[in-house]
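Here's the letter readout for the chains.
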Amino acid sequence: MKIPVLLPNIFDHPFTYETDKKVELGKYIVVPFGKTDAVGVVWDQFEEENSNKKFKIKKIKKILDINKLNENTIKFLNWFSEYNLVPKGMALKLHLLSSEAIENLEEKEYLKFNEKLKIQKYELSKEQDDAFKDLVKRDEAYRTHVLQGTTGSGKTIVYFNAIKKKIEKGFQSLILLPEIGLTNEFEKKFIDFFGFKPAIWHSSITKKNKKIIWSGLASNKIKVVIGARSALFLPFKNLGLITVDEEHDQSYKQDEGVIYNARDMAISRAMFEKIPINLVSAVPSVETYNNIKLNKYEYSRILKRHNDANLPEHEIIDLKKYSLEKQKWISPKTLEKVKSHLDNGDQVLFFLNRRGFSPFVLCKKCINVFSCPNCSINLVFHKKNNQLLCHYCGYKTGTDRNCVEGNKCELAFSGPGVEKIHEEVKSIYPNYKSVIFSSDTMNKKSSVKILNEIIENKSTLIRFLNLYIDDFEVMIEFAQASMTDQIKKRFESLLKSIPLLDLEKELIRLHKDFLFSTLNSFEFKTILRVFILKKFALSFQHDKKIDVSAFTFDFIENLSKNRKINFKQTANILLDKSTKTTIEENIF
């Protein structure tokens, strides 16, 4: 009996093999390929015959103990290959784990995903309940539903309820997140709601855990996966619902290797699997908005924030009114705000989405720009290492270059990078310790030290570069990391000196302004400690070093998690005309 077998390689067609056994479509098998063995899948079509050549057909070696791949998934992978202009074998490679298929494991390997944990109850508001009813109206077949909600409106809890309904019916569910750094805090919220651990899937997960997850999904032993782009291709046995959180996020676009848009591919997989998909965002993408207008997508919207809370205060600084000094990048108005917070013992954060010292370097004499010979883009000057670096391919070079006139080039540095802002801040505030927090400065050893300094308020001025929402999750870890016995003792002694009445008043204020009712108990206790420590630290000299005003930033980011696009609403936005660069600055 001849069967077509697709292998995870660069070929755009399956290979023909023979077997004495009946092998179903979608079964995972081991076959000889060249001088080695390879894992393949029984595919739905044979390779085209070539009458000019004759080949000896080999026999398959082994049928793996894995549930067969869903026929609809095979159709999806065929379509994915054609749509994205990649060989079918490469599409299959995205599905397999390092070109391997994992056989069924012992039951004990899946126990951690089925352990019952404590559940926190969430009550839906009327708007949330209406949105939930819309989500589950037609959830037995394919349809795309967009859930739009104001930042802090509780979109996550709404679609959690929709997922819960599917799980109760025995289905599996996939939640896609744009950044792997979102998964830690998201996982905690998931556990609070569902009472069990989801499977987390992204590039930082160990191969051992990936094998357990891959096998658990294929055998229907794991019900929910939270993951980045690659989670879309996992072997779900009984997938019932896909949710794409922050669907507008550009991180869903894979721009190296096999290029695709995970959000669009998720919609397509839902269509082939004949299941519903929910797109969630505070600000839907242009494509999604257009599909809503064309009535291709269903639509629900939550207008009010939970408990009618107000958005954080923000201010746009007009640089026509507060012009920059020559060779300066921080406006006088910003410096005024910074000073007021420093005087109060607070910490200050500058946010800039540019690494290095200057993103544009040229010669004043010959006007030649330093560019990458591989990528044809500008090289970025990193002053700390005195190097020009390509942020795409990693090409490095020095600044020594002969001008067309035979002399050394006279360099001009245009535009600010995080190192330039750091240099300017140090010159203005020499008495305050400052640090740069970026992918260029943080490594395993220095990261812990710098984070601890920020936690203990030893670093007052912080520049954050290229830290998208996944990096902001590091800030959320500050609160947890700082809950040491030593700080707890200081806090308890401090708490005893505070009148209960004042504490009750501040609880009411926190409830009204910051929605602590949406936080779990740990988060709320942390926020309360932040307020108390910040308010009274200056009154107790021995506790000054644990002034954790950085927690205030952590708190706001915690409320705004999974809403990267709306970080601007909590920041002062500076627009510099000469470079047309937006600097998002958050001061606390």
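See the structure above.
The structure reproduced in this document is the subject of the present report.

Definitions and limits used
- Residues numbered from 1 in each chain as written.
- Predicted model: local features only at pLDDT ≥ 70, side-chain atom pairs only at ≥ 80, totals over all residues.
- Heavy atoms only, no water.
- Helix = DSSP H or I, 4+ residues; strand = E, 2+ residues; numbered from the N terminus.
- Buried < 20%, exposed > 50% of the residue type's maximum accessible area, 1.4 Å probe, protein only.
- Polar contact = N/O pair within 3.5 Å; in protein donor to acceptor, adjacent residues only side chain to side chain.
- Contact = heavy atoms within 4.5 Å.
- Axes fitted to C-alpha atoms, helices over the stretch in contact; angles between N-to-C directions.
- Parallel < 35°, antiparallel > 145°, perpendicular 65-115°, else oblique.
- Left-handed = near helix turned anticlockwise from the far one by under 90°.
- Nonpolar A, V, L, I, M, F, W, Y, C, P; charged D, E, K, R; others polar.

### Comments concerning the environment of Leu-342
Inference 1: Within the element layout of this structure, Leu-342 appears in helix 9 (residues 332-343).
Inference 2: The buried category is assigned to Leu-342, whose relative accessible area is 6%.
Inference 3: Expressed as a C-alpha distance, the spacing of Leu-342 and Tyr-429, which sit 87 residues apart in the sequence, is 9.8 Å.

### Concerning the side chain of Thr-288
Inference 1: Tracing the sequence through the fold places Thr-288 in helix 8 (residues 286-293).
Inference 2: The exposure class assigned to Thr-288 is buried, which follows from its relative accessible area of 2%.
Inference 3: A polar contact of 2.8 Å, which involves the side chain of Thr-288, links it to the side chain of Glu-247.
Inference 4: Thr-288 has contacts with Val-146, Glu-247, Arg-263, Leu-279 and Tyr-297, leaving out every residue within four places of it along the chain.

### A word on the packing of helix 1 (residues 71-83) against helix 2 (residues 88-95)
Inference 1: Helix 2 packs onto helix 1 with a crossing angle of 125 degrees between their chain directions and a minimal axis gap of 8 Å. The orientation of helix 1 relative to helix 2 falls into the category oblique. At the point where helix 1 passes helix 2, the crossing takes the right-handed sense. Contact residues: Leu-77, Asn-78, Phe-80 and Ser-81 in helix 1; Lys-88, Ala-91, Leu-94 and His-95 in helix 2.
Inference 2: Looking at the contact of helix 1 with helix 2 residue by residue, the class counts come to four nonpolar, three polar and one charged.

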